[in-house]
Amino acid sequence: TKDMRGGSSRLVSAKRALNQLVNQFTGEKVGVCVFAGGAYVQLPMTSDYSAAKLFIDEIETSMFSNQGTNIKAALQTANTMFTKSKTSKGILLITDGENHEDNPSTIIDSIRDKNIEMAILGVGSTNGGPVPTDPLRPELGYKRNGRGQLVVSRMNPNLIRELASKSKGTAAL
């Protein structure tokens, strides 16, 4: 959905933010978990920031056959990426705050109980925008629901704040 300032898509904005964050690292390890209706590890934990930025740049919506948003699956997968070492750990969840699957409360409890820091970056606007049928070919038009109405995706700041509060983390909208 292209509802970000300057007309860029949420994915382009998220990738830009991630690359800027990686540019600030000085010795931390970074891993990337991508999600839609499901989740998987795009990049295992590494200190190779050039590789991390390469993997971030390669993220596309076409990587997923199962569309939607499953925050619980994303957090479960991210949670498995950490080693058992006693170092500090953190998860940065970048989301529009829509959640089409299971409630993520149980995994949030687990993350909090393991003292994993969590920060959530909300992307998108509360006004939202239409969802393209094919993000790589916007000329094909936009998705419509069963009644023929345009499907509009909106950022849900309430869920983002709720997840941050429950995890004792932070949220930026």
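Residues numbered from 1 in each chain as written. Predicted model: local features only at pLDDT ≥ 70, side-chain atom pairs only at ≥ 80, totals over all residues. Heavy atoms only, no water.

Draft legend 1. Main features of the sheet that holds strand 7 (residues 170-172). An order of 3-4-7 is seen for the three strands of this open sheet, with the pairing classed as parallel. If you trace the sheet from one side to the other, it starts and ends with strand 3 (90-95) and strand 7, each paired once. Averaged over all pairs of adjacent strands, the angle between their axes in this sheet comes to 15°, without regard to strand direction. As paired elements, strand 3 and strand 4 (residues 117-122) share six bridges and run parallel to each other. Across the sheet, the residue bridging to Thr95 is Gly122, located in strand 4. (Pairing = 2+ DSSP bridges. Helix = DSSP H or I, 4+ residues; strand = E, 2+ residues; numbered from the N terminus. Axes fitted to C-alpha atoms, helices over the stretch in contact; angles between N-to-C directions.)

Draft legend 2. Expanded view of empty space enclosed by the protein. Within the structure shown, the criterion is met by one cavity of 30 Å³ or more. Looking at the largest cavity, its volume works out to about 30 Å³. What lines the largest cavity is Asn103, Pro104, Ser105, Ile108, Leu159, Glu162, Leu163 and Lys166. Elements supplying a minimum of two residues to the lining of the largest cavity: helix 4 (105-113) and helix 5 (157-167). No other element matches the four residues that helix 5 contributes to the lining of the largest cavity. Its residues placed into classes, the lining of the largest cavity shows four nonpolar, two polar and two charged. (1 Å grid on protein atoms, 1.4 Å probe; cavity = no way out; pocket = protein on both sides within 12 Å on 5 of 7 lines; lining within 4 Å. Points joined across faces, edges and corners; volume = space filled by probe spheres on them. Nonpolar A, V, L, I, M, F, W, Y, C, P; charged D, E, K, R; others polar.)

Draft legend 3. Representation of the side chain of Asn79 in the model. As for its placement among the helices and strands, Asn79 is situated in helix 3 (residues 71-79). Apart from the residues within four sequence positions on either side, Asn79 is in contact with Ile91, Ile107, Ser110, Ile111, Lys114 and Ile116. (Contact = heavy atoms within 4.5 Å.)

Draft legend 4. Representation of the packing of helix 3 against helix 4 within the structure. Contact geometry of helix 3 with helix 4 gives a least axis separation of 9 Å together with a crossing angle of 30°. Classed by the angle they form, the pair helix 3 and helix 4 counts as roughly parallel. Judged by the sense of rotation from one axis to the other, the crossing of helix 3 with helix 4 is left-handed. Contacts between helix 3 and helix 4 involve Lys72, Leu75, Gln76 and Asn79 from the first element and Thr106, Ile107, Ile108, Ser110 and Ile111 from the second. A per-class count over the contact of helix 3 with helix 4 returns four nonpolar, four polar and one charged. (Parallel < 35°, antiparallel > 145°, perpendicular 65-115°, else oblique. Left-handed = near helix turned anticlockwise from the far one by under 90°.)

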